[in-house]
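Structural overview
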Amino acid sequence: MAAPNIVTLTQENFTKEVIESAGPILADFWAEWCGPCKMLGPLLDELAAEYDGRVRIGKVNIDEHAALAAQFNITSIPTLLLFHKGEVAEQLVGLRSKKDLKTRFDRVVG
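Described in the following lines is the structure provided in the data block. All values derive from a computational prediction rather than experimental measurement. (Residues numbered from 1 in each chain as written. Predicted model: local features only at pLDDT ≥ 70, side-chain atom pairs only at ≥ 80, totals over all residues. Heavy atoms only, no water.)

1. As for the state of the cysteines
Note: disulfide means a covalent bond formed between the sulfur atoms of two cysteine side chains. All told, the structure shown has one disulfide when counted by the stated rule. Here Cys34 is linked by a disulfide to Cys37, with a sulfur-sulfur distance of 2.3 Å. On the sign convention where negative is left-handed, the bridge of Cys34 and Cys37, at about 80° about the S-S bond, is right-handed. Residue Cys34 is classed as buried on the basis of its relative accessible area of 4%. Among the residues examined, Cys37 registers a relative accessible area of 4% and is labelled buried. (Disulfide = S-S within 2.5 Å. Buried < 20%, exposed > 50% of the residue type's maximum accessible area, 1.4 Å probe, protein only.)

Encoded structure:
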């Protein structure tokens, strides 16, 4: 179960939630069958709480929204795209540590 402040991103809401977002948002491209994706989930829940109000977190299920994955050339999961002002500011592929994620967040948030 994702934290309450993690948004489910879909083909329908991606532009509004991510591209037009006033602040930074991390898009997690994942799938139910992906082990590393499942391991990343609790870290993203913690970060969503720690960065509440500074960085939003959204999740894109690539099995349900394959067109979004294709649009951003997602070839491996988990892939994390950190958007700032509608552009990809950081891209991380694979399971990352909480410390690494915080470093990337802090780089964008300031």
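2. A look at the pattern of salt bridges
Where charged atoms from two side chains of opposite charge come close, those side chains can pair. For the structure shown, the criterion picks out ten salt bridges. Residue Glu50 pairs with Lys102 through a salt bridge whose shortest N-O separation is 3.0 Å. With Glu50 in helix α2 (residues 35–50) and Lys102 in helix α4 (residues 98–109), this residue pair connects regions lying 52 residues apart in the sequence. Accessibility expressed as a relative area gives 35% for Glu50, which makes it partly exposed. The closest approach of N and O atoms between Asp100 and Arg104, which form a salt bridge, is 3.4 Å. Pair noted here: Asp100 and Arg104 are both in helix α4, with a separation of four residues, about one helical turn. Grouping residues by exposure puts Asp100 and Arg104 together as buried. Overlapping salt bridges bring together Glu90, Arg96, Asp100, Arg104 and Arg107 as one network. (Salt bridge = Lys/Arg side-chain N within 4 Å of Asp/Glu carboxyl O. Helix = DSSP H or I, 4+ residues; strand = E, 2+ residues; numbered from the N terminus.)

3. A short note on the packing of aromatic side chains
Evaluation of the coordinates by the stated rule reveals five aromatic pairs. Ring centres of Tyr51 and Phe105 lie 5.0 Å apart, and the angle between their planes is 85°; on these two criteria the pair is classed as edge-to-face. In this pair, Tyr51 is assigned in the loop between α2 and β3 (56–61) and Phe105 in helix α4, connecting sequence segments 54 residues apart. Looking at Tyr51, the relative accessible area reads 2%, which means it is buried. You can call Phe105 buried: its relative accessible area is 1%. (Phe/Tyr/Trp six-rings, centres within 6.5 Å; stacked < 30°, edge-to-face > 60°.)

Such coordinate-based values are descriptive only and should not be taken to indicate function.
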